[in-house]
Amino acid sequence: EIEISGVCMADAAPLLSARADQIGMPASITGNTMTATLPNMENARILIPQLLITIGAFQADDSNGKTHLTNQQIDEVAIDLNESGMPVTYIKLNADGRAIAKNTSADTLLTPMVDGSSFSNVGMDELQDDPVIALQSGSGMTADRMKRAADLAIVLQHGPLPCPLRIVGVTAAPTAAE
């Protein structure tokens, strides 16, 4: 069981459930408690709850700080390998995002950000040709990069949480025999 606290827990519950499903961890949520079987991975008791409560706020700003794109313009999110064979999270823009790209000066440079962490700049001219933003998974071992790319995809796929949440505790659920 994962005990979660936040003023928007009722509104966040469907997003938390969708994220848990995408991880391959079907969950039920009653009040502030999520009941699920954590995946068999190292540090799952720490990493999975933290992933679930990651806000997931996407925005792409120009050099003047104007926000051109947000989660509202995301059509779909996927992970794939780039030309170098490294994992990347790809954000495909929806019709609204494509219209924004088309109607913005081609020489505008955007800095994509997720929860305040910035990624490599993308030119509006690139988005006008191919409405996909690539979020690089950073440096380090390929397995770590793959996890970061997958985590980004999970939190972006279902939209941002409506408010910050915090993990109160992670405990083993009582068994039927208890």
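Counting restarts for each chain: residues are numbered from 1 in the order of the written sequence. With the structure being a predicted model, the display of local features is reserved for residues of pLDDT at least 70 and the display and counting of side-chain atom pairs for 80 or more, all residues being used for whole-chain, interface and lining totals. Computation of side-chain values: all heavy atoms of the structure, hydrogens and water removed.

Undergrad: Please provide a residue-by-residue account of the state of the cysteines, values included.
TA: For this text, the term disulfide refers to a pair of cysteine sulfurs within 2.5 Å. One pass over the full model with this rule turns up one disulfide. Residue Cys8 pairs covalently with Cys163 via a disulfide, S to S 2.0 Å. Its torsion about the S-S bond being -85 degrees, the disulfide of Cys8 and Cys163 is classed as left-handed. Taken together, the residues Cys8 in the loop between strand 1 (2–5) and helix 1 (9–23) and Cys163 in the loop between helix 5 (142–157) and strand 12 (166–170) connect sequence positions 155 residues apart. You'll find Cys8 and Cys163 in the same group, each marked buried. Helix numbering and strand numbering both begin at the N terminus, where a helix is a DSSP run of H or I of at least 4 residues and a strand a DSSP run of E of at least 2. Remark: exposure states derive from per-residue accessible area (1.4 Å probe, protein chains only) relative to the maximum for the residue type, with buried under 20%, exposed over 50%, and partly exposed in between.

Undergrad: Requested: an account of the sheet that holds strand 3 (residues 33–36), with residues and values cited.
TA: Two strands pair under a simple rule: DSSP has to find at least two bridges between them. One open sheet holds the four strands; their spatial order is 2-3-1-12, and the pairing between them is antiparallel. A strand with exactly one partner marks an edge of an open sheet, and here the two such strands are strand 2 (27–30) and strand 12. Geometrically, the sheet is characterised by an average inter-axis angle of 25 degrees between neighbouring strands, direction not taken into account. Where strand 2 and strand 3 come together, four bridges link them in antiparallel fashion. From the neighbouring strand, Ser28 faces strand 3, where its bridge partner is Thr35. Whether two residues touch is decided by their heavy atoms; if any such pair falls within 4.5 Å, the residues are in contact. Inter-axis angles, ranging from 0 to 180 degrees, are taken between N-to-C directions of lines fitted to C-alpha atoms, where helices are fitted over the stretch in contact. Lying on the sheet, helix 1 is in contact with strand 1, strand 2 and strand 3; it crosses strand 2 at an angle near 170 degrees. Sheet strands in contact with helix 2 (residues 44–52) are strand 1, strand 3 and strand 12, and its direction is about 150 degrees off that of strand 12.

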